[in-house]
Structures are given as C-alpha cells and as structure tokens.
Amino acid sequence: MTVDIAADERVAMWAPEFAADPQAAYQRMRRRFGSVVPVELSPGIRATLVIGYHTAVRILNDPEHFPADPRMWQRDIPLDCPVLPMLQFRPAALRTTGAEHARYRQANVAGIAGVDLYAMHSTVEQFAIPLINSFCATGSADLLSQYAFPLVFQALNSMLGCTPEIGQQVATGMAQIFEGDDAEAGNNLLASALADLVGLRQREPGDDVATRLLQHQAALTDEEMVHQLLVLYGAGIEPMLNLVVNTLRLMLTDDRFAGNVLGGSLSTRDALDEVLFTDPPLANFCMTYPRQPILVEDTWLPAHEPVVISMSACNNDPAIAGRDVVDNRAHLAWSAGPHGCPAKPVAYLIVQDAIDQLLDALPELTLAVPVEELVWRPGPFHRSLAALPVRFPKTPPLPMP
C-alpha cells in the first residue's frame, strides 16, 4: 500500500528558495511530515527524504530492505533528466549491493589505503603556495574559484594519477553533472576523459589510486574502472571543495571560531567537525531504492523510488539535540553502514591542510561582503556557495618549499 502525494504537496528541493535556507525548510518538513518527507529532486522526479537521525541510521545499516541499486527505478527516467547522473546505476560500490558491492568496495578501499598521507601533506603545500601567490599581492580574492577548487582538484588528480589535460575534461564534466544544466553531456564528457585516464595508467602504471585499482585482484574491466574513478571524483571534488569553503566561511563569521581558531584555542579540525555536523557539504545523498513497498515511521514508501538521506537535517534532528559538536564526530556527513566513506583520513587531511596553508599565509582574512549577501547555489544534493569573496592586507609572495 502506498499513498499518492500530489506534486504540489512535495517539497521542491531544486528550488532556489530551498538552497537559500535549507535548515528552515527542514524544520517546516519536520512539523508537517515527521521523519520521512515527500520531495521532488527535480521537476517530476519524486523521492522520499529522510530527515530523522535514528531512522536514517536504521536505513543506512539495512541494505537488504534498502539496496543502493537503482536499475528498476531508472527504466522510466528520461536520459536528459538533470539529476540522473547523480542517481543512476553504475558498476561501482556506490550503486550496488551484496556480492557486487563487496567486490567493488574491496578494490576501492585497497586503492585509497595506498595513499601516503605524509606525502600528501607536501603535495597540498606544493599546490597551495602558488595559488596563494597568484592573489596575495592584490588584497582580495574569491576563495572558491581562485583557491579551494583548483587546490582540491589538483590534489585529487595527483592522488588518482590524472594528468592536468585529462583533468580539465573531468572538471568540466563534473561541473555539468552537479549543476544539472547539461547533465547528460557532462556524463558523456566525464566518461570519455576517464577512459583516457584508464588507458594511460594501463600503459604507464604509477603510484596512484587508478593504478592500484587496475592491479587489484578484483580484475576490474575498463568500463568498471571508468565508473570507479567517476565515483571517486564525484565523492571528492564537490564535497571537499564545499567543506573547505564552508569551513572558511564559519571561521570568518562565527565569533566562537573567528576569535579562537586563529588564536589557537580551537583547531581547524574543530571547525571542520562543526561544519560536518551542522551544515555538511554534501547535504542530501546516500540514495537507496526499496525492492518493495515498506513501512517507515507510519509512512509507506513506494518500491523502486529513491530514498534520500538528508545528512544535514539528520545531524540537526532535535531528537539528538544537546550534543556538543566540538570534537564530536558522530555525524552522518560521511554516511554510515556498508556505504560509509572509505576516504575519511585523506579527505580530512587535504581539507585541513588547505585551510591551514591559507590562514598561515593570510591570517587577517575577512569577508568582503556581509555574510547574508553570500549566495548559495541551488540543487538538491550539495551545500555550496557560489563564491567566497575576501579581503586581506596585501602580502608579498611566499617562497616555495
């Protein structure tokens, strides 16, 4: 049994109004619907959004009833659907279950485990200093486009074994997918670029994730390799970029951090965990697709329709209110259960080092506009600013290490 909900009763998560103040939207959802909410991810694309923490944890740890395989759902979805690339089936751990999932997961965990975290410190520094030097003498910058994006992207390229030329195509494709403007074209461009990367690492193995995936006993095919890399880029670029920018925004605007982080009382890691708890960079994700209608919190969820976890709403659920977010990492920003993020240590390292390098070089950063004038990009999945303009005293270039 399912209840058909009229389109005008569903919350439009694609609307600019939702992006402008999602926490207020989650509060309205909670009052009206409880822990499970009928939503639209884009016009006409129905889903259920889970905004209750305990409900989300149960779903994330129950792949038998909530598998991540969307193949039945997407049979009726047009190829030009703007959110299809974010939800569609891929032969990768993110979109499979059971033995299929285990095979892909083991290969990815092994590939990521080979990343030298000590060497990554130096890699981030090598990328950060030239970027800072490109704007430090001007006294102003957009930290999103001039610093956070190129730094995160270069770090990911280095980790995955991607050349700058192939990486440029990857960046363009990823942007089209996340923005949803031309998602189908972005998907195709991304697949083509990653096929080039697979071919390169077959000919020229290196000390990188792509090579380790190719050499893993899972014996991934070329097509499977493309999708592993696609998921790694998707899980890396947008969330890490947003985490850098959103944490800097917090540190520049919240007295608890603006007064303490730069003074040393609280660490950058504390600021990161505050953002991961209260306003995570990937706000709504972790999609599952129930095999049959299932009763959750007095609501029947349809079979084969996306169930999306709102990490942002769940972390702010009044049912778990009262916890101290400083040094508290019991949030869902990295997901949970069998699909929990396997790259937490390296992601933390890249983001924290990116922030520390910037604040060490330019400790007197301030926002160039009032915080309420910052613009959030619309979209159902990410929590992402359009820009983060800052000012600072003009500073001579830093020496390269």
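Under an unreviewed UniProt entry, the name given to the protein is Cytochrome P450, and the source organism is Nocardia fluminea.

Another point: the overall build of the protein. Summing up its helical and strand segments, the protein has 16 helices and ten strands in all. Scaling as 2.2 N^0.38, a compact globule of 401 residues should have a C-alpha radius of gyration of about 21 Å, and the protein matches this with 21 Å. With the C-alpha coordinates of the protein rotated into their principal frame, the extents come out at 65 × 50 × 35 Å. Buried positions account for 54% of the 401 residues belonging to the protein. The long-range share in the protein, meaning contacts at least 24 apart out of those at least 6 apart in sequence, stands at 72%. If you sum the accessible surface of the protein, you get close to 16,700 Å²; carbon and sulfur atoms cover 53% of it. Here the protein contributes 27 positively and 46 negatively charged side chains, and the mean placements of these two sets differ by 3 Å.

All right, on to the packing of helix α6 (residues 98–113) against helix α12 (residues 222–253) then. Closest axis-to-axis distance for the α6/α12 pair is 12 Å, and the angle between their directions is 60 degrees. As far as their axial angle goes, α12 and α6 are oblique. The interaxial crossing formed by α6 with α12 has right-handed handedness. Contacts between α6 and α12 involve R103, Y104, N108 and I112 from the first element and E224, Q228 and L232 from the second. When its residues are assigned to classes, the contact of α6 with α12 shows three nonpolar, two polar and two charged.

This paragraph deals with the side chain of N242. Note on placement: N242 falls in helix α12. Take N242: its relative accessible area is 1%, and that puts it in the buried class. Those residues within four positions of N242 in sequence are excluded, and the remaining contacts are T247, P281, R377, H382, R383 and S384.

On to the sheet that holds strand β2 (residues 36–42). Taken together, the five strands give an open sheet; going across it, the order is β1-β2-β3-β8-β5, and neighbouring strands pair in mixed fashion. In this open sheet, the two strands that pair with only one neighbour each are β1 (11–12) and β5 (284–288). Across three bridges, the pairing between β5 and strand β8 (residues 307–310) is antiparallel. In the strand pairing of β8, F285 is matched with I309.

So, on to the sheet that holds strand β4 (residues 140–142). Strand order in the open sheet formed by three strands is β4-β10-β9, with antiparallel pairing between adjacent strands. Sheet topology places β4 and β9 (366–367) at the edges, where each strand pairs with a single neighbour. Lying on the sheet, helix α8 (residues 143–160) is in contact with β4 and β10 (389–391); it crosses β4 at an angle near 65 degrees.

Most of β2 is tucked away, with seven of its seven residues classed as buried. Where β1 lies against β2, two bridges are found, and the strand directions are parallel. Looking at β2, one finds that A12 is bridged to E40. Summarising the sheet, β2 and strand β3 (residues 45–50) pair through six bridges and their orientation is antiparallel. Opposite P38, over in β3, you have T48 as the bridge partner. Where β2 folds back onto β3 in an antiparallel hairpin, the turn is made up of two residues, including G44, whose phi is positive at roughly 85 degrees.

What follows covers the packing of aromatic side chains. Counted by the stated rule, this structure contains eight aromatic pairs. With centroids separated by 5.3 Å and ring planes inclined at 55 degrees, the aromatic side chains of W334 and Y348 adopt a geometry described as tilted. Taken together, the residues span a long stretch of sequence, with W334 in the loop between α15 (311–315) and α16 (344–361) and Y348 in helix α16 at a distance of 14 residues. Judged by its relative accessible area of 14%, W334 is buried. Note on Y348: relative accessible area 7%, which makes it buried.

Our next topic: the pattern of salt bridges. Overall, the coordinates contain 13 salt bridges when judged by the stated rule. A salt bridge links E224 to R103, with the nearest nitrogen and oxygen atoms 2.9 Å apart. Here the residue E224 occupies a position in helix α12, and R103 occupies one in helix α6, the gap between them amounting to 121 residues. A relative accessible area of 11% places E224 in the buried class. Owing to a relative accessible area of 29%, R103 belongs among the partly exposed residues under this scheme. Connected through shared salt-bridge partners, D69, R71 and E100 make up one network.

Each value, and the rule that gives it
Residues numbered from 1 in each chain as written. Predicted model: local features only at pLDDT ≥ 70, side-chain atom pairs only at ≥ 80, totals over all residues. Heavy atoms only, no water. Helix = DSSP H or I, 4+ residues; strand = E, 2+ residues; numbered from the N terminus. Rg over C-alpha atoms; globule rule 2.2 N^0.38 Å. Buried < 20%, exposed > 50% of the residue type's maximum accessible area, 1.4 Å probe, protein only. Contact = heavy atoms within 4.5 Å. Areas by Shrake-Rupley, 256 points an atom, 1.4 Å probe, with all protein chains shown as cover. Lys, Arg positive; Asp, Glu negative; His and termini not counted. Charge placed at Lys NZ, Arg CZ, Asp CG, Glu CD. Axes fitted to C-alpha atoms, helices over the stretch in contact; angles between N-to-C directions. Parallel < 35°, antiparallel > 145°, perpendicular 65-115°, else oblique. Left-handed = near helix turned anticlockwise from the far one by under 90°. Nonpolar A, V, L, I, M, F, W, Y, C, P; charged D, E, K, R; others polar. Pairing = 2+ DSSP bridges. Phe/Tyr/Trp six-rings, centres within 6.5 Å; stacked < 30°, edge-to-face > 60°. Salt bridge = Lys/Arg side-chain N within 4 Å of Asp/Glu carboxyl O.

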